[in-house]
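Descriptive structure summary
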Amino acid sequence: MPSGDGWQGDVLRDLRGGAEQGAQGPGGQTYRASTPGPVQSTQAPDAAHSGGAPRQAAYPYEGQEQHAGHPGSWPQQAGYQERRQEQQAPAAYAPAPQPQRGPGSRPVVDEDLADALHSKPRHGESFAARAARALRRTLSSSAAREVAEITRTAAVLQQPVTTGRQIAVTSIRGGSGKSTVAALLGTTYAHYRHDPVLFLEADPALGSLPQRLGAEALRWTTSEIADIVKADMSLLDVTGYLVQLPNNAWLLPASQGQIGVMLDSRAYERAVVALRRYFGVMVIDCETLPTEVARVALAAAHGRVLTTPATPEGITSTFSVLQWMQGLPRHVIAGTVVVLTELVAHSGVDLDEAAQRLRSTGVSVQVLPYDRHLAAGGRVRTELLAQPTREAAARLAADVFQLSLAQKRH
């Protein structure tokens, strides 16, 4: 009971007690109202653990983010401040709606097939070829030339960018090594560059890029990310939805290996626009031409890679496509690199003559030599690639990157 001249202090103590009782949560636990301060907007994705969308990391309890006070915004009178705490305490800690649950993770390779498909990876070239190469390096000056070539390539690949480069990889037919070339390109950029690299799969028709990169499980897809990533997210927020790879690289698959998954051009555009500001280089594994998504990706990309098998049929078809591309705006064909992939050793095709003929249309041409490790399929292990393959991948990455720097967005 208040008495005497201390009745004001008694009333304030009663008000404090009421505010603390009103802030009791489930189970009788008491949450004490803290001094209001600026609201932090940093998010910490927990998609890999909770199965839902990221939650605001600045608030330890659900619904606490609704209590958005600011310093100096409340009146200084002590009694009024206590009454405001009493009135707002129950609403401040009211439970917020649960975040929307995300898709469940699915393994890239079915567990029942994993054992059957497991095999010892082969080196890209035979032991005899490696021994002969080492002997030639010892007896000649080829080692110095290799070092000089690597230095020049690294200087090109490490050039700074003001806008994330989009490198689109596509083909005109299946089986041309499109996903393999995309994996080699992105791995090379991740090795040489310090900024993050993103592998974005835009081929939902059972694409093989996740397997080539050694991903074990997939969750969020390109279509789903298109409506999730917002402009105020940090890189840490965004990577919570991606598959982490070595060397500061990330993967966003187009599907979870399910038949019938579709990716429309509008969803692809939204995903690219949302993600491009976070990554220095984006390597986009597109569908085969002339699908709509592939056309959109090629038109918006800074650099374009067109893969084709180093066979008479593949080279003839590619030459016809390049002649058609000559009727498009000049920047399309000027920023395109054709990759002739050797699917077998000693195919008998004169690749020098074929490359010269293709270059006459205005494109750059690179040859990816036959490699036993790549031909066997599965995860690409750079340490097992043949020396000519590593050199060809570095030349290709430098070539398309240099072209992308010379291109303006159209």
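The rules behind each value
- Residues numbered from 1 in each chain as written.
- Predicted model: local features only at pLDDT ≥ 70, side-chain atom pairs only at ≥ 80, totals over all residues.
- Heavy atoms only, no water.
- Pairing = 2+ DSSP bridges.
- Helix = DSSP H or I, 4+ residues; strand = E, 2+ residues; numbered from the N terminus.
- Axes fitted to C-alpha atoms, helices over the stretch in contact; angles between N-to-C directions.
- Contact = heavy atoms within 4.5 Å.
- Phe/Tyr/Trp six-rings, centres within 6.5 Å; stacked < 30°, edge-to-face > 60°.
- Buried < 20%, exposed > 50% of the residue type's maximum accessible area, 1.4 Å probe, protein only.
- Lys NZ or Arg CZ within 6 Å of the ring centre and 35° of its normal.
- Core = buried A, V, L, I, M, F, W, Y, C linked by side-chain atoms within 4.5 Å.
- 1 Å grid on protein atoms, 1.4 Å probe; cavity = no way out; pocket = protein on both sides within 12 Å on 5 of 7 lines; lining within 4 Å.
- Points joined across faces, edges and corners; volume = space filled by probe spheres on them.
- Nonpolar A, V, L, I, M, F, W, Y, C, P; charged D, E, K, R; others polar.
- Expected span 1.5 Å × (residues − 1).
- Arc of directions from axis to C-beta.
- Parallel < 35°, antiparallel > 145°, perpendicular 65-115°, else oblique.
- Polar contact = N/O pair within 3.5 Å; in protein donor to acceptor, adjacent residues only side chain to side chain.
- Left-handed = near helix turned anticlockwise from the far one by under 90°.

With that out of the way, let us pick up the sheet that holds strand S11 (residues 336-341). With mixed pairing, 8 strands are arranged side by side in an open sheet as S7-S8-S5-S9-S4-S10-S11-S12. Only two strands of the sheet have a single partner each, and these edge strands are strand S7 (243-245) and strand S12 (364-368). Taking each pair of neighbouring strands and ignoring which way they run, the sheet shows an average axis angle of 25 degrees. Contacts between helix H7 (residues 178-192) and the sheet are confined to strand S4 (165-171), strand S5 (197-202), strand S8 (249-252), strand S9 (281-286), strand S10 (303-309), S11 and S12, with S9 contributing the most and set at about 175 degrees to the helix.

Given two aromatic rings, their pairing is described by the distance between the two centres and the angle made by the two planes. Under the definition given, this model contains 2 aromatic pairs. Ring centres of Trp220 and Tyr241 lie 4.9 Å apart, and the angle between their planes is 80 degrees; this geometry places the pair in the edge-to-face category. Taken as a pair, Trp220 in the loop between strand S6 (217-218) and helix H9 (222-225) and Tyr241 in the loop between helix H10 (235-239) and S7 lie far apart in primary sequence, 21 residues in all. You'll find Trp220 and Tyr241 in the same group, each marked buried. Sitting over the ring of Tyr278, Arg277 keeps its end group 4.7 Å from the ring centre.

What follows concerns the nonpolar core. Counting 50 residues, the largest nonpolar core has Leu198, Leu200, Tyr268 and Leu275 as its most contacted members. Leave out the neighbours within four places in its chain, and Leu200 touches Thr222, Leu252, Tyr268, Val272, Leu275, Met282, Val283, Ile284 and Asp285. Judged by nonpolar contacts, the second largest core, of 38 residues, contains Ala190, Ala249, Val283 and Ala398.

This part takes up the layout of surface pockets. The computed volume of the second largest pocket comes to approximately 910 Å³. Taken together, 39 residues form the lining of the second largest pocket, with Thr188, His191, Thr382, Leu385 and Arg390 sitting closest to its centre. Take the lining of the second largest pocket: its biggest share by element is 8 residues, from H7. Partitioned by chemical class, the residues of the lining of the second largest pocket number 17 nonpolar, 9 polar and 13 charged.

Let's shift gears to helix H13 (residues 312-325). Taking 1.5 Å of rise per residue, the 14 residues of H13 would be expected to cover 20 Å, and the 20 Å separating its terminal C-alpha atoms lies within 8% of that figure. Buried within H13 are the following residues: Gly314, Ile315, Thr318, Phe319, Val321, Leu322 and Met325. Buried residues along H13 cover an arc of 165 degrees about the axis, so they all sit on one side. For H13, the exposed residues lying more than 90 degrees away from the buried face are Pro312, Thr316 and Trp324. In the core, the buried residues of H13 are packed alongside S10, helix H14 (330-334), S11 and helix H15 (351-359).

Contact geometry of H7 with helix H17 (residues 387-406) gives a least axis separation of 9 Å together with a crossing angle of 80 degrees. With respect to H17, the axis of H7 lies roughly perpendicular. Across the interface between the two elements, Val181, Leu184, Leu185, Thr188 and Tyr189 of H7 pack against Ala393, Ala394, Leu396, Ala397, Val400 and Phe401 of H17.

All right, on to the side chain of Asp203 then. Summarising the element assignment, Asp203 is placed in the loop between S5 and helix H8 (209-213). A polar side-chain atom of Asp203 sits 3.3 Å from a polar atom in the side chain of Lys178. When residues no more than four places from it in sequence are discounted, the contact partners of Asp203 are Lys178, Ala254, Asp285, Cys286 and Glu287.

Turning next to the environment of Trp220. The class of Trp220 is buried, set by a relative accessible area of 7%. Sequence separation between Trp220 and Leu252 is 32 residues; the distance between their C-alpha atoms is 7.3 Å.

Where helix H11 (residues 265-275) meets helix H12 (residues 292-300), the closest approach of the two axes is 9 Å, and the angle between their N-to-C directions is 35 degrees. Read as a crossing pair, H11 and H12 show a hand that is right-handed. Judged by residue contacts, Ser265, Tyr268 and Glu269 of H11 engage Glu292, Val293, Val296 and Ala297 from H12.

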